[in-house]
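Chain and residue survey
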Amino acid sequence: MSTDAIHVRLVIVAILTPRRGALEQFRAYEAKAAGIMARYEGRIQRTVVVNEQPPMREVHIVSFPDLDAFQRYRTDPDLAALAEVRAACIEHTELLLGREGPDYMALPG
């Protein structure tokens, strides 16, 4: 099988720290960003809330077809228009870019 026939999606682990008192604004922003993300075939696969009390974090597992699609999403004018909203509700973001790993439940053990 040629390498062209194998397409591996970009997987991003986004660790987000919402600003204290801005959880509703954060969730509204993320919903808008997810809609913009869909234009580039990106999607939030899963969210995990870590520590309900401040400093609360939300971890998102996100995927895009490839790095180019992710970069086009990041430079989307509608996303850029939300920059002030993002700054007001998100204190810190850490992004880890990778690819799907092994399914350990499917491996003999």
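Below: a short report on this structure. (Residues numbered from 1 in each chain as written. Predicted model: local features only at pLDDT ≥ 70, side-chain atom pairs only at ≥ 80, totals over all residues. Heavy atoms only, no water.)

Describing the layout of surface pockets
If a probe as big as a water molecule is rolled over the atoms, it shows which places are left empty. By volume, the largest pocket amounts to about 320 Å³. Lining the largest pocket are 18 residues; nearest its centre among them are Tyr73, Arg74, Arg86, Thr93 and Leu95. Ranked by residues supplied to the lining of the largest pocket, first place goes to helix 1 (residues 23-38) with four residues. For the lining of the largest pocket, the residue count by class is 13 nonpolar, two polar and three charged. Taken as a whole, the second largest pocket holds about 190 Å³ of empty space. Taken together, 13 residues form the lining of the second largest pocket, with Pro18, Arg19, Arg20, Pro54 and Met56 sitting closest to its centre. Among the residues forming the lining of the second largest pocket, the class breakdown is six nonpolar, three polar and four charged. (1 Å grid on protein atoms, 1.4 Å probe; cavity = no way out; pocket = protein on both sides within 12 Å on 5 of 7 lines; lining within 4 Å. Points joined across faces, edges and corners; volume = space filled by probe spheres on them. Helix = DSSP H or I, 4+ residues; strand = E, 2+ residues; numbered from the N terminus. Nonpolar A, V, L, I, M, F, W, Y, C, P; charged D, E, K, R; others polar.)

Digging into the pairing of strand 1 (residues 10-18)
Working note: regular strand, side chains alternate between the two faces of the sheet. Buried residues dominate strand 1, accounting for seven of its nine residues. Bridging between strand 1 and strand 3 (residues 57-64) involves seven bridges; their strand directions are antiparallel. Across the sheet, residue Ile12 finds its bridge partner in strand 3, namely Val62. Sheet topology note: the strand 1/strand 4 (residues 90-99) ladder contains nine bridges and is antiparallel. Its bridge partner lying in strand 4, Ile15 is registered against Glu94. (Buried < 20%, exposed > 50% of the residue type's maximum accessible area, 1.4 Å probe, protein only. Pairing = 2+ DSSP bridges.)

Topic: the side chain of His60
Secondary-structure assignment places His60 in strand 3. A polar contact is formed between the side chain of His60 and the side chain of Glu58, at a distance of 2.7 Å. (Polar contact = N/O pair within 3.5 Å; in protein donor to acceptor, adjacent residues only side chain to side chain.)

With respect to the nonpolar core
Counting 19 residues, the largest nonpolar core has Tyr29, Phe64 and Tyr73 as the members making the most contacts within it. Every element with two or more residues in this core is listed here: strand 1, helix 1, strand 3 and helix 2 (67-74). Sort the elements by how many residues they give to this core and helix 1 lands first, with five residues. (Core = buried A, V, L, I, M, F, W, Y, C linked by side-chain atoms within 4.5 Å.)

Regarding a nonpolar patch on the surface
Among the surface-exposed residues, Leu67, Leu95 and Leu97 lie close enough to one another that they form a single nonpolar patch of about 240 Å² accessible area. Among the residues examined, Leu97 registers a relative accessible area of 46% and is labelled partly exposed. (Patch = residues over 30% accessible without salt bridge, like charges linked within 9 Å, V, L, I, M, F, W, Y side chains within 5 Å. Areas by Shrake-Rupley, 256 points an atom, 1.4 Å probe, with all protein chains shown as cover. Salt bridge = Lys/Arg side-chain N within 4 Å of Asp/Glu carboxyl O.)

So far we have only geometry, and geometry alone does not tell us how the molecule works.
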